[in-house]
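# Residue-level structural notes
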Amino acid sequence: MKTYLANSYQEIYSIVSEIKRSHFENSEIWFRGQGKNTYLLKPSLFRTDNGIKKEKEIFVEYKRLAAGIGLNRESEWETLIDMQHYGVPTRLLDWTSNLGVALYFASTSSVNNYAMSLYIMNPIELNKLSGKSGIPALPNTPMGLSYLKNYVDREPFPARYPIAVKCDNINSRVKAQSGMFTIHGDEDGEEDIDIITTILDKKSSIYKIEISLEAHDSIKEYLDIAGIKDYTIFPDIQGIARYLSGLM
């Protein structure tokens, strides 16, 4: 995987612009920001010891409890996206089509004394591995796949490659964050490897920018000028509270 180093927002923008001109002219470009440059592209479900074993139990219990407070979703995928955005471990990994949103998440989750990272991915190339042209949209059934049947119950066989999906503005957070997702199969949870990077590396369809500690101030300045704040990323009472707490 081609890796770059950036020491400021200006350098990040310059690198992204060059990558886009050279490799993404006729394709969508997705971003993911991470607070530590050693983190893998793994969904939260696979970062917990019993994630896969507890997956169905957690899903069923979430639906039961959410219904009790009036959150009823028509499809399994809508429910899963709600779980993802409220912090419940899932096999979804967040991406965005907005560079500023990705840098917000990298900055706000940064770990002391570690560089941040920005991943740049070609979702169309990822989906070609599963025989799909284009990018399906949730909550429609992506590639004919059912969440519970194909991913949880693994029938008729476990899902193999991650697939990239768009989201049809299922909730206000997804819309505000220009949210996209990759849906991961169990292969991600079996070894300490980065499946997306591994399978896209030879196609030159994924890139990584390591963002040094020196870049923090210029990123924060950019986010302020661009109006990207807690309450614009999380357009609800939680986002407002986070924003106001940061003013103290």
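The structure this text deals with has already been given above.
One structure accompanies this document, and this report is about it. (Residues numbered from 1 in each chain as written. Predicted model: local features only at pLDDT ≥ 70, side-chain atom pairs only at ≥ 80, totals over all residues. Heavy atoms only, no water.)

### Considerations on the pattern of salt bridges
Opposite charge on two side chains makes pairing possible when the charged atoms of those side chains draw close. Worth spelling out the cut-off: The term salt bridge refers to a side-chain nitrogen of Lys or Arg lying within 4 Å of a carboxyl oxygen of Asp or Glu. Runs of E in the DSSP output that reach at least two residues are strands. Runs of H or I that reach at least four are helices, and both are numbered from the N terminus.
Within the structure shown, the criterion is met by ten salt bridges. Here E125 and K128 are joined by a salt bridge, their closest N and O atoms 3.1 Å apart. Here K128 and E125 lie together in helix 5 (residues 123-128), a separation of three residues that amounts to about one turn.

### Notes on helix 10 (residues 216-226)
Side chains of residues three or four places apart in an α-helix project in the same direction, reflecting 3.6 residues per turn. Using the following cut-off: Exposed residues in this analysis have more than 50% of their type's maximum accessible area, buried residues have under 20%, and partly exposed residues fall in between, with area computed by a 1.4 Å probe over protein chains only. The contact criterion used throughout is that any non-hydrogen atoms of two residues lie within 4.5 Å.
Restricting attention to buried positions, one finds in helix 10 the residues H216, S218, I219, Y222 and L223. Buried positions along helix 10 lie against helix 1 (9-23), helix 4 (99-108), strand 4 (116-121) and strand 8 (206-211). Of the residues trailing helix 10, G227 is marked for its positive phi of about 75°.

### Looking at the pairing of strand 6 (residues 163-167)
Looking along a regular strand, one sees side chains alternate from face to face of the sheet. Cut-off, in case you're wondering: Should DSSP find at least two bridges between two strands, the strands are regarded as paired. A crossover counts as right-handed when, viewed with the strands pointing away from the observer, the path leading from the first strand over the helix to the second turns clockwise.
Of all five residues making up strand 6, four are buried, and the element is well covered by its neighbours. Direction of pairing for strand 5 (residues 137-138) relative to strand 6: parallel, over a ladder of two bridges. If you follow L138 over to strand 6, its bridge partner there is C167. Assessed by its sense of winding, the connection that carries the chain from strand 5 through helix 6 (residues 147-152) to strand 6 is right-handed. Across four bridges, the pairing between strand 6 and strand 7 (residues 179-183) is antiparallel. From the neighbouring strand, K166 faces strand 7, where its bridge partner is M180.

### Comments concerning the nonpolar core
Convention followed: Put simply, buried Ala, Val, Leu, Ile, Met, Phe, Trp, Tyr and Cys residues joined by side-chain atoms within 4.5 Å make one nonpolar core.
Counting residues in hydrophobic clusters, the biggest one holds 28 residues, and the most contacted among them are I12, L118, I120, I209, I211 and I219. Listed by contribution, the elements that provide at least two residues to this core are helix 1, helix 4, strand 4, strand 8 and helix 10. At six residues, helix 4 tops the list of elements feeding residues into this core. Sequence-distant contacts of L118, defined by excluding residues within four places in its chain, comprise I12, V16, F31, R32, G33, L99, A102, Y207, K208, I209 and I211. Counting 21 residues, the second-largest nonpolar core is a separate cluster that includes A66, L92, V152 and V165.

### Side note on the packing of aromatic side chains
Our working definition: Whether two aromatic rings pair depends on their centres lying within 6.5 Å, for rings of Phe, Tyr and Trp, where Trp uses its six-membered ring; planes under 30 degrees apart make the pair stacked, over 60 edge-to-face, and the rest tilted. The rule for a charge over a ring is simple: NZ of Lys or CZ of Arg within 6 Å of the ring centre, and within 35 degrees of the ring normal.
A full pass over the atoms with the stated rule returns seven aromatic pairs. With a centroid separation of 5.0 Å and 55° between ring planes, the pair formed by F59 and Y147 is classed as tilted. In this pair, F59 sits in helix 2 (residues 51-68) while Y147 sits in helix 6, placing the two residues 88 residues apart along the sequence. By relative accessible area, F59 is classed as buried at 2%. By relative accessible area, Y147 is classed as buried at 1%. Among the aromatic residues, ring-to-ring pairing joins F59, W77, Y147 and Y151 into one connected group. One Lys or Arg, K36, reaches over the ring of Y114 and ends 4.1 Å from the middle of that ring.

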